[in-house]
Amino acid sequence: VQLQASGGGLVQAGGSLRLSCAASGWIFSNYVMGWFRQAPGKEREFVAAITWRGGRTYYADSVKGRFTVSRDNALNTVYLQMNSLKPEDTAVYYCAAKTDPYSGSNYEGGEYDYWGQGTQVTVSS
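Reference entry: report on the structure contained in this document.

**As for the sheet that holds strand 8 (residues 77–82)**
Thought 1: The four strands lie next to each other as 1-3-8-7, forming an open sheet whose pairing is antiparallel. Since the sheet does not close on itself, it has two edges, and those belong to strand 1 (2–6) and strand 7 (67–72), each with one partner. Adjacent strand axes in the sheet meet at a mean angle of 15°, parallel and antiparallel pairs treated alike.
Thought 2: The sheet contact formed by strand 3 (residues 17–24) and strand 8 spans six bridges and is antiparallel. Paired with S20 across the strands is Y79, a residue of strand 8.

Here it is, written out as structure tokens:
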């Protein structure tokens, strides 16, 4: 079971980035896939999640209307399209998989079973 996040980088405020998370090693379509981030000196926080088959999405209030989570089950990949980026979006972004879509909170990192290595997103002002 592996998650590989990519797509991070340096961007100016107002710009866009698309993160990708490639998954391997299990049946991807039954899980909830989430994105979390952690800025220096801060706790990890929930960003967005999407349920199996892409039927339902969840967003943190801080990213609603700017970020969009999507998935391609055929490619075993989940995406996070980030628009109108702000300096406060600067963080290491992690993708994660929650194997039980029917219990626990999709907003809580502790409910996720597998984590990727993270990709750095830096937004300059």
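Read on, since the account is not over.
**Comments concerning the pattern of salt bridges**
Thought 1: Under the definition given, this model contains four salt bridges.
Thought 2: The shortest N-O distance in the salt bridge between D61 and K64 comes to 3.2 Å.
Thought 3: Residue class for D61 comes out exposed when judged on its relative accessible area of 65%.
Thought 4: R66 is paired through a salt bridge with D89; the nearest N and O atoms lie 2.7 Å apart. Of this pair, R66 sits in the loop between strand 6 (57–59) and strand 7 while D89 sits in the loop between strand 8 and strand 9 (91–98), placing them 23 residues apart in sequence. The same class applies to R66 as to D89, namely buried.

**Digging into the state of the cysteines**
Thought 1: The tally for this structure, following the rule as stated, stands at one disulfide.
Thought 2: The disulfide partner of C21 is C95, and the gap between their sulfur atoms is 2.1 Å. Where C21 bonds to C95 through sulfur, the torsion about that S-S bond is close to 65°, and the disulfide is right-handed. Pair noted here: C21 is in strand 3 and C95 is in strand 9, with a separation of 74 residues, a long-range link. As far as burial versus exposure is concerned, C21 and C95 are alike and both buried.

Calculation criteria
Residues numbered from 1 in each chain as written. Predicted model: local features only at pLDDT ≥ 70, side-chain atom pairs only at ≥ 80, totals over all residues. Heavy atoms only, no water. Pairing = 2+ DSSP bridges. Helix = DSSP H or I, 4+ residues; strand = E, 2+ residues; numbered from the N terminus. Axes fitted to C-alpha atoms, helices over the stretch in contact; angles between N-to-C directions. Salt bridge = Lys/Arg side-chain N within 4 Å of Asp/Glu carboxyl O. Buried < 20%, exposed > 50% of the residue type's maximum accessible area, 1.4 Å probe, protein only. Disulfide = S-S within 2.5 Å.

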